[in-house]
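# Coordinate analysis (summary)
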Amino acid sequence: MTALLAALAGLLVLTGARRGADGGEAPEASAAVELSELDRLKARGLLDEASWTAARAEAGRRILSAERTAQPILAGGKDRFWVLGGIVATVLVSLGVYFAIAAPGLPDQPYEQRVDEWATSVEALEPVQVAAVVDRMVRSQPENHQALTMLGAARFQAGDPIGAASAFRRALELEPNDARSWSRLGESLVRANDGAVGGDAEAAFRRALALDANQGGARYFLGEAALARGDVAELRSLWGPLMASLDPSDPRLAELTTRLAAAEARQ
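Counting starts from 1 at the beginning of each chain's written sequence and moves along it residue by residue. Where local features are concerned, this predicted model is filtered to residues with pLDDT of at least 70; where side-chain atom pairs are given and counted, the filter is 80 or more; whole-chain, interface and lining totals use all residues. The basis for every side-chain value is the complete set of non-hydrogen atoms in the structure, without hydrogens or water.

### Some points on the pattern of salt bridges
By definition here, a salt bridge exists when the distance from a side-chain nitrogen of Lys or Arg to a carboxyl oxygen of Asp or Glu is within 4 Å. Going through the model one piece at a time under the given rule, you end up with ten salt bridges. For Glu234, the salt bridge goes to Arg206, with nearest N and O atoms at 2.7 Å. Pair noted here: Glu234 is in helix α12 (residues 232–245) and Arg206 is in helix α10 (residues 199–211), with a separation of 28 residues, a long-range link. Partly exposed describes any residue whose relative accessible area lies between the buried limit of under 20% and the exposed limit of over 50%, with all areas from a 1.4 Å probe on protein chains only and scaled to the type maximum. We classify Arg206 as partly exposed; its relative accessible area is 37%. Glu234 is the partner of Arg229 in a salt bridge, and the nearest nitrogen-oxygen pair spans 2.8 Å. Exposure remark for Arg229: the relative accessible area of 44% places this residue in the partly exposed category. Put simply, Glu202, Arg206, Arg229 and Glu234 are held in one network by salt bridges that share partners. Segments assigned H or I by DSSP are reported as helices when at least four residues long, segments assigned E as strands when at least two residues long, and all are numbered from the N terminus.

Below, the structure is given as structure tokens:
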């Protein structure tokens, strides 16, 4: 397959080389010089507005009607050998690098087999691998609410907020009164929306707070939405309890205090 692809690529390159290079000058190049000269004359006061407009319009008409100047094809008699030699050298160097740093004799590793290996050592896995292991668990136990919430958390950590939102939605279909999952759903939607608290995310956060007033993440993001709207009263009502729940040494407390004070000062 490698040889076939290299041969096809070489055929395309050789076909282009056989045609040669057209050294003709496009009319846009000379027209750009002319337009630049007209602008310079106007800037020096040698052309008034009406004359400058008329001259540019005439230049534009010439550009539209002009044809590209045809020039003789530029291709040497031995160019094809240089091109072919370059293609062969590229393929040989690529194969040499592959055999030097890769593992040509390594057997195939089917995806499911890799998931089997990951499942035996979950502690040392990357978030993407953890998500793959939990996803297989969910496929075998689609009604397992805990597995679905774990899948959502793993996908969120793996940088897949849309997949995380899907998992949390499925979990909420099983347990619609799970405040934590509503809050995590909202966080996933915020990340999928590049940090903006959209309507769906705000609805999820409000549902989380209605079920559990201690959902700090929901309070924070609803406060962000209120701040974006300029609703300082709602911002204060949302962030006030959140700030009261934080330890005085928590750096988040200082940040929230500063931002709330700045919002009140702008009111």
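Next comes the rest of the write-up.
### A look at helix α6 (residues 127–140)
Here α6 is 14 residues long and its end C-alpha atoms lie 20 Å apart, about the 20 Å a rise of 1.5 Å per residue gives. Buried residues of α6: Ala131, Ala132, Val133, Val134 and Val138, and no others. In what follows, residue pairs with any heavy atoms lying within 4.5 Å of each other are defined as contacts. In the core, the buried residues of α6 are packed alongside α5 (111–119), α7 (145–157) and α8 (161–174). The length a helix should cover is 1.5 Å for every residue beyond the first.

### So, the packing of α7 against helix α9 (residues 179–192)
For any two helices packed against each other, one specifies the inter-axial angle together with the distance between the axes. Relative to each other, α7 and α9 sit at 25°, their axes nearing to 11 Å. With respect to α9, the axis of α7 lies roughly parallel. When the axes of α7 and α9 are compared, the crossing they make is left-handed. Contact residues: His145, Thr149, Ala153 and Phe156 in α7; Ser181, Arg184, Glu187, Ser188 and Arg191 in α9. Classes in brief: Ala, Val, Leu, Ile, Met, Phe, Trp, Tyr, Cys and Pro nonpolar; Asp, Glu, Lys and Arg charged; the others, Gly included, polar. Across the contact of α7 with α9, the residue classes tally to two nonpolar, four polar and three charged. Every axis in this analysis is a line fitted to C-alpha atoms, fitted for helices over the stretch in contact. Angles between the N-to-C directions lie between 0 and 180 degrees. Angles below 35 degrees are treated as roughly parallel, those above 145 as roughly antiparallel, those between 65 and 115 as roughly perpendicular, and all remaining angles as oblique. With the far helix as reference, a near helix turned anticlockwise by less than a right angle produces a left-handed crossing, and one turned clockwise produces a right-handed crossing.

### Topic: the packing of aromatic side chains
Here a pair means two rings of Phe, Tyr or Trp (six-membered ring of Trp) with centres within 6.5 Å. Their orientation is stacked below 30 degrees between planes, edge-to-face above 60, and tilted elsewhere. Under the counting rule described, the total for this entry stands at four aromatic pairs. Relative to Phe221, the ring of Tyr220 lies with its centre 5.1 Å away and its plane at 75°, an arrangement referred to as edge-to-face. Residue Tyr220 is classed as partly exposed on the basis of its relative accessible area, which comes to 25%. What makes Phe221 buried here is its relative accessible area of 19%. Ring centres of Tyr220 and Trp239 lie 5.8 Å apart, and the angle between their planes is 5°; on these two criteria the pair is classed as stacked. Within this pair, whereas Tyr220 is found in helix α11 (residues 216–229), its partner Trp239 is found in helix α12, the two being separated by 19 residues in sequence. One aromatic cluster in this structure is built from Phe205, Tyr220, Phe221 and Trp239. The residue whose ring lies beneath Arg184 is Phe156, and the NZ or CZ to ring-centre distance is 5.2 Å. A ring is scored as having a charge over it whenever the NZ atom of a lysine or the CZ atom of an arginine sits within 6 Å of its centre and within 35 degrees of its normal.

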